[in-house]
2 protein chains.
Amino acid sequence: MLNIAIAGLGTVGAGVVRLLQTNGELIAARAGQPINIKAISARDKGKKRDCDLSGIVWVDDVRKLAEMPGVDAVVELIGGADGIARELAEVTLKKGRSYITANKALIAAYGRALARLAEQNKAQLLFEASVAGGIPVIKALREGLAGNRIRAARGILNGTCNYILSRMREAKISFAEALAEAQAKGYAEADPAGDIDGHDTANKLAILTALAYGVEPDLTAMSIAGIRPVTPADIQAAEEIDCRIKLLGLVEESDGGIAQQVSPCLVPKSSLLAQTEGVMNAVLLRGDFVGDLALQGRGAGAEPTASAVVADIIDLARGLSIPAFGVKAAQLKKARFSRHVPARRMYLRVPAVDKSGALVDIAAALRTGGVTVEKLLPPEALVLGKTDPAVLSRAVAKLGAVFMMPIMD
Amino acid sequence: MLNIAIAGLGTVGAGVVRLLQTNGELIAARAGQPINIKAISARDKGKKRDCDLSGIVWVDDVRKLAEMPGVDAVVELIGGADGIARELAEVTLKKGRSYITANKALIAAYGRALARLAEQNKAQLLFEASVAGGIPVIKALREGLAGNRIRAARGILNGTCNYILSRMREAKISFAEALAEAQAKGYAEADPAGDIDGHDTANKLAILTALAYGVEPDLTAMSIAGIRPVTPADIQAAEEIDCRIKLLGLVEESDGGIAQQVSPCLVPKSSLLAQTEGVMNAVLLRGDFVGDLALQGRGAGAEPTASAVVADIIDLARGLSIPAFGVKAAQLKKARFSRHVPARRMYLRVPAVDKSGALVDIAAALRTGGVTVEKLLPPEALVLGKTDPAVLSRAVAKLGAVFMMPIMD
């Protein structure tokens with residue numbers, strides 16, 4: 001019997017309890033032993049929850065879970081890089097107990113230190129649910145593609161942003177309207193900044209990068225742009241060149257280093273990424289031997305996230321023993337991150353353009369600055385050819401406030 | 001150091017050698033120890049191969065690999081359910097050594113017995129490369145979705161058939177022409193029956209079914225149809241209802257049992273399956289908590305298959321210890337397979353139709369027999385609504401020789 005303690009009983013926590021109860025027998029057969037929820041802790045004991053907690057010890061102080069006799073692993077579904085989650089992770093791992101979490105902020109910020117702590121204490125640190133919900137992408141990178149040198153990864157990693165962008169396109173509504181709708185449906189939080197400004201995607205990208213390249217997760221070496229500036233006009237202009245706008249996390253080798261970028265991007269309508277709509281997530285991985293691999297599935301919500309958490313629990317019960325990031329923490333390199341993202345075709349909107357003809361002048365100025373202009377998208381946007389990033393930023397700087405998005409192949 | 005012996009040095013065998021050599025350092029870091037190719041055996045020692053065999057012991061009799069001192073695992077890339085592969089598997093596992101293979105025929109035919117042998121001798125039986133080439137779908141089912149009750153799985157599992165169907169559509173050529181082209185390119189074998197008649201897909205489907213439902217692989221309880229009967233007229237008619245034709249392996253719960261089916265099917269043009277072209281493979285999995293998960297990647301070829309084989313090798317080096325089919329061999333049920341595939345909309349071609357008007361008469365006869373006719377696709381095809389399979393076969397039997405394909409949602 002594997003005894004777990006669950007910290008945090010929000011949607012995901014309740015989903016994990018429900019899944020372990022619903023499929024208990026099946027899970028026991030696959031895990032090789034029953035999984036027992038020994039104890040549970042959350043902020044509000046009285047709150048009505050969509051799961052049965054009878055027979056489970058309630059603990060008021062979440063820190064106590066790590067030290068309860070007989071607990072093999074703590075499953076943390078609280079979230080947040082600092083504060084209680086970090087403290088709980090440290091205490092749990094120091095006790096030689098495993099730590100399973102969906103907490104992307106924690107892993108992106110302290111992944112290496114926690115991985116080291118896990119190794120030192122012969123415990124496992126598992127976080128499949130931290131990236132792309134139910135899609136087993138951590139496992140795919142850490143194990144399924146372990147023979148490959150990863151060349152690139154890109155993905156739609158935030159369901160909130162994807163929902164907003166999908167709704168803007170389908171319903172021809174503004175960003176603000178789509179955000180309000182997402183909030184009403186429970187897809188976006190009251191304070192949506194973490195999602196829409198790209199930080200959630202950045203956390204997930206840092207984790208994918210660490211797994212793909214064997215480097216320490218590093219949020220500082222990343223260019224991060226969110227979806228607030230995207231207008232209905234952008235969505236319309238993207239349609240005109242058979243593209244859709246998606247918030248992507250991108251990482252690839254560039255300029256001898258590793259370039260990480262979070263940005264709204266134009267992707268071809270015919271691509272898997274364009275066809276990943278609403279709250280779905282998708283990740284594309286490119287390995288030197290496997291070639292291109294695409295994974296698409298539900299990126300958030302109680303059930304898919306619970307599926308990922310329980311996969312980690314079953315792995316643990318089966319005796320899985322792999323370093324958290326695929327290689328020993330001591331071998332995780334401090335990456336040489338590239339300051340330059342690779343040259344790509346770009347979508348450029350110059351909001352100040354209001355007279356017809358002005359767009360032609362802007363194109364001429366860009367050409368003079370060494371930038372190829374492939375197409376005008378009146379009234380205020382242009383498609384630029386692949387240009388050296390330094391040349392591009394010099395030329396664009398002269399135009400004042402602009403909005404740019406990469407156009408992906 | 002993990003010592004392996006490789007049996008079989010065709011395209012895939014040479015690919016595995018190349019991958020272990022190319023990414024040796026990376027693989028050692030991820031595996032926690034170096035992987036050493038200790039010995040190798042193939043039919044023709046003199047043959048020129050696309051890999052460096054210096055320093056590797058050549059063994060003429062492949063059976064000897066299983067008994068060589070110091071060998072931890074045999075990697076079999078010979079193929080075939082019976083004969084040498086089966087013998088090698090049995091000897092290797094009985095010696096308490098692990099067996100890693102891409103051999104779908106072997107696993108589909110003797111998977112349970114071999115899994116039991118592996119357990120009895122504390123060895124691992126691993127076969128990620130047996131289904132869908134580089135796509136880590138075995139791992140996704142056995143581990144990534146281990147918390148889920150699987151509701152259904154479907155996939156494009158044979159690159160040869162998918163290439164032929166893609167070419168028939170793109171180049172408007174006949175089945176025979178597309179097959180000849182596939183043979184010229186090395187995508188189809190001189191004797192293509194195993195691929196085009198659906199047996200290769202059937203082997204892979206049996207393996208997926210075993211993993212998904214915890215049952216013994218069973219090729220007998222399966223309806224198998226290949227792509228030989230598909231004509232350019234079918235491809236054209238499918239286009240008219242915004243579909244493409246794909247050879248699918250399908251499994252789902254039906255009628256209280258498990259229904260396995262291999263058949264060319266019509267899939268909506270907008271679906272991931274329709275957009276999986278050429279030698280690509282794709283698998284869709286549906287779990288009760290994770291929802292729908294799609295995986296798409298290269299389904300064959302030296303490099304992607306080597307990627308899957310090496311993932312198994314690394315898992316073994318990392319100490320992975322999971323029953324071959326996710327649950328103990330003794331727990332694998334003899335499934336109650338459903339003789340009836342679920343009712344679906346159907347594409348029906350009545351080849352004898354040659355006079356205009358006759359299609360209307362056929363539609364009338366079908367309606368009289370209790371079948372809904374949704375649409376006529378002159379000159380000789382019809383779209384039928386969801387009908388009870390027994391009713392449908394009675395009504396269709398009266399039409400003489402016909403060709404039917406399910407239309408997927």
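Residues numbered from 1 in each chain as written. Chains lettered and ligands numbered in written order. Predicted model: local features only at pLDDT ≥ 70, side-chain atom pairs only at ≥ 80, totals over all residues. Heavy atoms only, no water.

Asker: Lay out the overall build of chain A in plain terms, naming residues and giving numbers.
Answerer: Tallying secondary structure elements over chain A gives 13 helices and 16 strands in all. Here the C-alpha radius of gyration of chain A, 23 Å, is about what a compact globule of 409 residues would show, namely 22 Å. A total of 409 residues make up chain A; the buried ones form 60% of that total. Across chain A, contacts joining residues at least 24 apart in sequence account for 72% of those joining residues at least 6 apart. (Helix = DSSP H or I, 4+ residues; strand = E, 2+ residues; numbered from the N terminus. Rg over C-alpha atoms; globule rule 2.2 N^0.38 Å. Buried < 20%, exposed > 50% of the residue type's maximum accessible area, 1.4 Å probe, protein only. Contact = heavy atoms within 4.5 Å.)

Asker: Give me the relation of the copies chain B and chain A: which residues, what numbers.
Answerer: Note on the copies: chain B fits chain A at an RMSD of 0.0 Å, the axial shift is 0.0 Å, and the rotation between them is 180°. Within this description, the copies of the chain are treated as partners about a two-fold rotation axis. Residue Leu295 of chain B, judged by its C-alpha, is the member of chain B lying nearest the rotation axis, at 2.4 Å. (Least-squares fit on C-alpha atoms with pLDDT ≥ 70 in both.)

Asker: Describe the nonpolar core, with residues and values.
Answerer: In this structure, Leu285 of chain A together with Leu285 of chain B are the most contacted members of the largest nonpolar core, which totals 184 residues. Beyond its immediate sequence surroundings of up to four residues, Leu285 of chain A is in contact with Val137, Ala140, Leu141, Leu145, Ala152, Ala153, Gly291, Asp292, Leu293 and Leu295 of chain A. (Core = buried A, V, L, I, M, F, W, Y, C linked by side-chain atoms within 4.5 Å.)

Asker: Tell me about the pattern of salt bridges, residues and numbers included.
Answerer: On inspection of all chains with the given rule, the structure shows 54 salt bridges over all chains. Notably, a salt bridge pairs Lys139 of chain A with Glu143 of chain A, separated by 3.1 Å at the nearest N-O pair. Linking Lys139 of chain A with Glu143 of chain A, this pair stays in helix H5 (residues 137-144), spanning 4 residues, or about one helical turn. Grouping residues by exposure puts Lys139 of chain A and Glu143 of chain A together as buried. As a salt-bridge pair, Glu277 of chain B and Arg169 of chain B come within 2.5 Å of each other at their nearest N and O atoms. Here the residue Glu277 of chain B occupies a position in the loop between strand E10 (257-268) and strand E11 (280-287), and Arg169 of chain B occupies one in helix H6 (residues 159-171), the gap between them amounting to 108 residues. Relative accessible area serves as the criterion here: at 22%, Arg169 of chain B is assigned to the partly exposed category. (Salt bridge = Lys/Arg side-chain N within 4 Å of Asp/Glu carboxyl O.)

Asker: So what about the environment of Leu77 of chain B? Which residues, and what values?
Answerer: All names here are of chain B. As for its placement among the helices and strands, Leu77 is situated in the loop between strand E4 (73-76) and helix H3 (84-94). Classification of Leu77 as buried rests on a relative accessible area of 15%. The spacing of Leu77 and Ala129 is 52 residues in sequence and 9.7 Å in space, taken between C-alpha atoms. In contact with Leu77, not counting residues within four places along its chain, are Ile6, Ala7, Gly8, Val12, Gly13, Val16, Ala102 and Val309.

Asker: An account of the packing of aromatic side chains is needed here, citing residue identities and associated values.
Answerer: Applying the stated criterion across every chain, the model contains 4 aromatic pairs over all chains. Relative to Tyr187 of chain A, the ring of Tyr163 of chain A has its centre 4.8 Å away and its plane inclined at 70°; by these criteria the two rings are edge-to-face. Residue Tyr163 of chain A is located in helix H6 (residues 159-171), and its partner Tyr187 of chain A is located in the loop between helix H7 (175-184) and helix H8 (193-196); the two are separated by 24 residues in the primary sequence. Ring geometry for Phe127 of chain B and Phe325 of chain B: centres 5.3 Å apart, planes at 45°, overall tilted. Of this pair, Phe127 of chain B sits in the loop between strand E6 (125-126) and helix H5 (137-144) while Phe325 of chain B sits in the loop between helix H11 (302-317) and strand E13 (345-349), and the two are 198 residues apart along the sequence. The class of Phe325 of chain B is buried, set by a relative accessible area of 2%. If you follow Arg86 of chain A out to its NZ or CZ, it ends over the ring of Tyr110 of chain A, 3.7 Å from the centre. (Phe/Tyr/Trp six-rings, centres within 6.5 Å; stacked < 30°, edge-to-face > 60°. Lys NZ or Arg CZ within 6 Å of the ring centre and 35° of its normal.)

Asker: Please give an account of the state of the cysteines that cites residues and values.
Answerer: Summed over all chains, the structure comprises 0 disulfides over all chains. The thiol sulfur of Cys243 of chain B is not disulfide-bonded, and the nearest other cysteine sulfur, from Cys265 of chain B, lies at 11 Å. (Disulfide = S-S within 2.5 Å.)

Asker: So what's going on with the sheet that holds E6 of chain B? Which residues, and what values?
Answerer: Residues and elements named next belong to chain B. Read from one edge of the open sheet, 6 strands run E3-E2-E1-E4-E5-E6, paired in parallel fashion. One side of each edge strand has no neighbouring strand; the edge strands of this open sheet are strand E3 (57-58) and E6. Both strand E1 (residues 2-7) and E4 contribute to a ladder of 4 bridges, which runs parallel. Looking across to E4, one finds that Ala7 is bridged to Glu76. (Pairing = 2+ DSSP bridges.)

Asker: Can you tell me about helix H13 (residues 389-397) of chain B, naming the residues and giving the values?
Answerer: All names here are of chain B. Three or more residues of H13 are buried, namely Leu392, Ala395 and Val396. Angularly, the buried residues of H13 cover 95° about the axis, an arc narrow enough to put them on a single face. Exposed and facing more than 90 degrees away from the buried side of H13 are Arg394 and Ala397. Those residues of H13 that are buried lie in contact with E13, helix H12 (358-368), strand E15 (381-384) and strand E16 (403-407). Regarding H13, its N-cap is Asp388, as a side-chain oxygen of that residue lies 3.1 Å from the backbone nitrogen of Ala390 further along. (Arc of directions from axis to C-beta. Polar contact = N/O pair within 3.5 Å; in protein donor to acceptor, adjacent residues only side chain to side chain.)

Asker: Pulling in residues and values, what's your account of the interface of chain B and chain A?
Answerer: Of the residues lining the interface, 52 residues belong to chain B; the matching set on chain A comes to 51 residues. For the chain B and chain A pair, buried surface summed over both sides reaches about 4100 Å², with 52% attributable to carbon and sulfur atoms. Contact with chain A buries surface across chain B, with Arg30, Phe289 and Arg318 of chain B losing the most and accounting together for 19% of the total. Between the two partners, chain B and chain A, sit 2 salt bridges. Between chain B and chain A we count 21 residue pairs in polar contact (both at pLDDT 80 or more) in total. Elements with a contribution of two residues or more to the side of chain B that touches chain A: helix H1 (11-22), helix H2 (24-31), H5, helix H9 (199-213), strand E12 (291-298) and H11 of chain B. (Buried area = accessible area lost by both parts, 1.4 Å probe.)

Asker: So what about the pairing of E1 of chain B? Which residues, and what values?
Answerer: The buried count for E1 of chain B comes to 6 of 6 residues, which makes it a mostly enclosed element. The side-chain alternation of E1 of chain B yields two buried faces, one formed by Leu2, Ile4 and Ile6 of chain B and the other by Asn3, Ala5 and Ala7 of chain B.

Asker: Break down the pairing of strand E5 (residues 98-101) of chain B for me, with residues and values.
Answerer: Residue and element names in this part refer to chain B. The alternating pattern of E5 places Ser98 and Ile100 and Tyr99 and Thr101 on opposite faces, both of which are buried. Looking at chain direction, E4 and E5 are connected through 4 bridges and run parallel. Of the residues in E5, the one forming a bridge with Val74 is Tyr99. Here E5 pairs with E6 via 2 bridges, running parallel. Bridging from a neighbouring strand, Tyr99 pairs with Leu125 of E6. Handedness of the crossover joining E5 and E6 through helix H4 (residues 104-120): right-handed. (Right-handed = clockwise from strand over helix to strand, strands pointing away.)

Asker: Could you give an account of the packing of H5 of chain A against H5 of chain B, with specific residues and numbers?
Answerer: Running from amino to carboxyl end, H5 of chain A crosses H5 of chain B at an angle of 120°, the nearest separation of the two axes being 11 Å. Classified by the angle between their axes, H5 of chain A and H5 of chain B sit oblique to one another. As for the relative orientation of H5 of chain A and H5 of chain B, their crossing is right-handed in sense. Counting all contacts with H5 of chain A, which are made through Lys139, Glu143 and Gly144 of chain A, the residues of H5 of chain B involved are Lys139, Glu143 and Gly144 of chain B. For the contact of H5 of chain A with H5 of chain B, the per-class residue count stands at no nonpolar, 2 polar and 4 charged. (Axes fitted to C-alpha atoms, helices over the stretch in contact; angles between N-to-C directions. Parallel < 35°, antiparallel > 145°, perpendicular 65-115°, else oblique. Left-handed = near helix turned anticlockwise from the far one by under 90°. Nonpolar A, V, L, I, M, F, W, Y, C, P; charged D, E, K, R; others polar.)

Asker: Let's hear about the side chain of Asn281 of chain B: which residues, and what values?
Answerer: If you trace the backbone, Asn281 of chain B turns up in strand E11. What makes Asn281 of chain B buried here is its relative accessible area of 0%.

Asker: Any details on H1 of chain B? Residues and values, ideally.
Answerer: Residue and element names in this part refer to chain B. Helix length check: H1, at 12 residues, gives a terminal C-alpha distance of 16 Å against a target of 16 Å (1.5 Å per residue), a fit within 8%. Listing the buried residues of H1 in full gives Gly13, Ala14, Gly15, Val16, Val17, Arg18, Leu19 and Leu20. On its buried side, H1 packs onto E1, H2, strand E2 (35-41) and H11. (Expected span 1.5 Å × (residues − 1).)

Asker: Describe the confidence of the model for chain A, with residues and values.
Answerer: With 99% of its residues at a pLDDT of 70 or more, chain A has an overall mean of 95. The complex model carries a pTM of 0.97, and its ipTM stands at 0.96. (pLDDT = per-residue confidence, 0-100.)

Asker: Tell me about the sheet that holds strand E1 (residues 2-7) of chain A, residues and numbers included.
Answerer: Residues and elements named next belong to chain A. Ordered by their spatial adjacency, 6 strands build an open sheet running E3-E2-E1-E4-E5-E6, and the pairing between neighbours is parallel. Both edges of this open sheet fall to strand E3 (57-58) and strand E6 (125-126), since each of them pairs with a single strand only. As paired elements, strand E2 (residues 35-41) and E3 share 2 bridges and run parallel to each other. Within E3, the position partnered with Ala39 by the bridge is Val57. In the packing of helix H3 (residues 84-94) onto the sheet, contacts are made with E1, strand E4 (73-76) and strand E5 (98-101), and the angle to E5 comes to roughly 150°. In the packing of helix H11 (residues 302-317) onto the sheet, the strands contacted are E1, E2, E4, E5 and E6, and the crossing angle to E5 comes to about 160°.

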